[in-house]
Amino acid sequence: MTDVTGAPVDVLHTLFRSDQGGHEQVVICQDRATGLKAVIALHSTALGPALGGTRFYPYASEAEAVEDALNLSRGMSYKNAMAGLDHGGGKAVIIGDPDLIKTEELLLAYGRFVSSLGGRYVTACDVGTYVADMDVVARECRWTTGRSPENGGAGDSSVLTAYGVFQGMRASAQHLWGDPTLRGRKVGVAGVGKVGHHLVEHLLSDGAEVVVTDVREESVRRVTGLHPEVTVAADTEALIRTEGLDIYAPCALGGALDDESVAALTAKVVCGAANNQLAHPGVEKDLADRSVLYAPDYVVNAGGVIQVADELHGFDFDRCKAKASKIFDTTLAIFARAKADGIPPAAAADRIAEQRMAEARRP
């Protein structure tokens, strides 16, 4: 069923429903000449211009793309609030396989659409887009971050994303086992691409035993080529069932934690870089019922957005790393709030983020 615009009614229902939607603005962009089809979703600008990456992905349908943009932009509002940034939440998705349709002309057309929002949305890299792509987008849009150093940017934000996740893991270890070190802990990393392979480096340096998996064989070979001591699981299903696993780190796409995976999970901590890890709200309770400590994804993976936000003011890596280090303290504060309020950590993080946004809206 569709409305008069042709959009699926369920998507519009989500958009205007306050618990899952509540978005300020959603823009549908199309450039027939280049094949560009994109969705830009602004969830909130209460704290400042919406900031979030551009995902380039072959969605099964336009409705799925809109739904993803809505969910991701909402998550960015909470992420930016918890990271202490003066930015609201936004996200863009480009529909299509980047290996097949990504061109310079398409990226320039996308940059013009972002620019048409007049600074309400600041874009950056995400799945399927890279620093070189942002350099192209920036030629048409000054509200672009994640650019190369040669073009006035900070470069690859996955470095600090991985560092922040590592800090979240250290905080989880401190909370659960009384010691922030991961030495001797077995950590499973699902997805060793842009962020995951940097995370593996941190874990090995801290003395952890690491098990990895990835749908791309070349990504696994890159890790094992550098670190033959790393163990490889056949797939994610095998990884979550690994005997003696202490921490599970989902570092690929969202929805990694559903009813089946939580029931099979052997780890006592979930802390990873992927966005929107919980397939549905009930998963959070399932984790708590199984005494699995969940470090909220949008808190621990905020290192990248800290980096790209800093780029707008003249990038300084040391300053950004110092801010990303605070993810350790923020994660501990969330666990403390969860215990005090008798709620799961993700709910505690939501409450803190919502309080900051609400206070910003007050006259």
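Remember, it's a predicted structure, so these values are computed and weren't measured experimentally.

Here is what the cut-offs are and how they apply
- Residues numbered from 1 in each chain as written.
- Predicted model: local features only at pLDDT ≥ 70, side-chain atom pairs only at ≥ 80, totals over all residues.
- Heavy atoms only, no water.
- Helix = DSSP H or I, 4+ residues; strand = E, 2+ residues; numbered from the N terminus.
- Rg over C-alpha atoms; globule rule 2.2 N^0.38 Å.
- Buried < 20%, exposed > 50% of the residue type's maximum accessible area, 1.4 Å probe, protein only.
- Contact = heavy atoms within 4.5 Å.
- Areas by Shrake-Rupley, 256 points an atom, 1.4 Å probe, with all protein chains shown as cover.
- Lys, Arg positive; Asp, Glu negative; His and termini not counted.
- Charge placed at Lys NZ, Arg CZ, Asp CG, Glu CD.
- Pairing = 2+ DSSP bridges.
- Axes fitted to C-alpha atoms, helices over the stretch in contact; angles between N-to-C directions.
- Salt bridge = Lys/Arg side-chain N within 4 Å of Asp/Glu carboxyl O.
- Core = buried A, V, L, I, M, F, W, Y, C linked by side-chain atoms within 4.5 Å.
- Parallel < 35°, antiparallel > 145°, perpendicular 65-115°, else oblique.
- Left-handed = near helix turned anticlockwise from the far one by under 90°.
- Nonpolar A, V, L, I, M, F, W, Y, C, P; charged D, E, K, R; others polar.

A. Geometry of the overall build of the chain. On a plain count of helices and strands, the chain comes out with 16 helices and 11 strands. A globule of 363 residues ought to have a C-alpha radius of gyration of about 21 Å, and the chain, at 20 Å, matches this closely. Projected onto its principal axes, the C-alpha coordinates of the chain cover approximately 55 × 45 × 45 Å. Here the chain, with 363 residues, has 53% of them falling under the buried criterion. In the chain, the share of contacts with a sequence separation of at least 24, taken over all contacts with a separation of at least 6, comes to 64%. In the structure as shown, the chain presents an accessible area of about 15600 Å², 51% of it carried by carbon and sulfur atoms. For the chain, the centre of its 35 positive side-chain charges and the centre of its 48 negative side-chain charges are spaced 5 Å apart.

B. Spatial organisation of the sheet that holds strand E4 (residues 88–95). Strand order across the open sheet formed by five strands is E1-E2-E4-E3-E5, with mixed pairing between neighbours. Bordering the open sheet on either side are strand E1 (25–31) and strand E5 (121–125), each of which pairs with just one other strand. Put simply, the sheet's adjacent strands are angled 20 degrees from each other on average, direction ignored. Of the strands in this sheet, E1, strand E2 (36–44), strand E3 (50–57) and E4 touch helix H2 (residues 62–82), which is tilted by about 155 degrees from E4. The strands that helix H4 (residues 104–115) touches are E1, E2, E3, E4 and E5; relative to E2, the one it contacts most, it runs at about 30 degrees.

C. Broad picture of the pattern of salt bridges. All chains considered together, the criterion is met by 20 salt bridges. For Glu62, the salt bridge identified is with Lys37, shortest N-O distance 3.8 Å. Linking Glu62 in helix H2 with Lys37 in strand E2, this pair joins segments that are 25 residues apart in sequence. Of the residues examined, Glu62 reaches a relative accessible area of 47% and is grouped as partly exposed. As a salt-bridge pair, Asp341 and Arg351 come within 3.1 Å of each other at their nearest N and O atoms.

D. Spatial organisation of the pairing of E2. Among the nine residues that make up E2, eight are buried, leaving the element largely enclosed by the rest of the structure. Of the strand pairs in this sheet, E2 and E4 are connected by six bridges, and their pairing is antiparallel. Looking at the pairing, Ala38 lines up with Ile94 of E4.

E. Main features of the nonpolar core. Among the nonpolar cores identified, the biggest contains 63 residues, and Tyr110, Met169, Val189, Leu199 and Leu203 are the most heavily contacted of them. Ranked by the residues each element gives to this core, the list is headed by H4, at six residues. Not counting the four nearest positions on each side in its chain, Val189 is found in contact with Gly196, Leu199, Val200, Leu203, Val210, Val211, Val212, Thr213, Leu239, Ala249 and Cys251.

F. Highlighting the packing of helix H6 (residues 158–177) against helix H14 (residues 317–325). Where H6 contacts H14, the axes come no closer than 9 Å and their chain directions differ by 30 degrees. Comparing the axis directions of H6 and H14 gives the class roughly parallel. Once H6 is placed against H14, the crossing between them reads as right-handed. Packed against H6, whose contacting residues are Val159, Leu160, Tyr163, Gly164 and Gln167, the element H14 presents Phe317, Cys320, Lys321, Ala324 and Ser325 at the interface. For the contact of H6 with H14, the residue count by class is six nonpolar, three polar and one charged.

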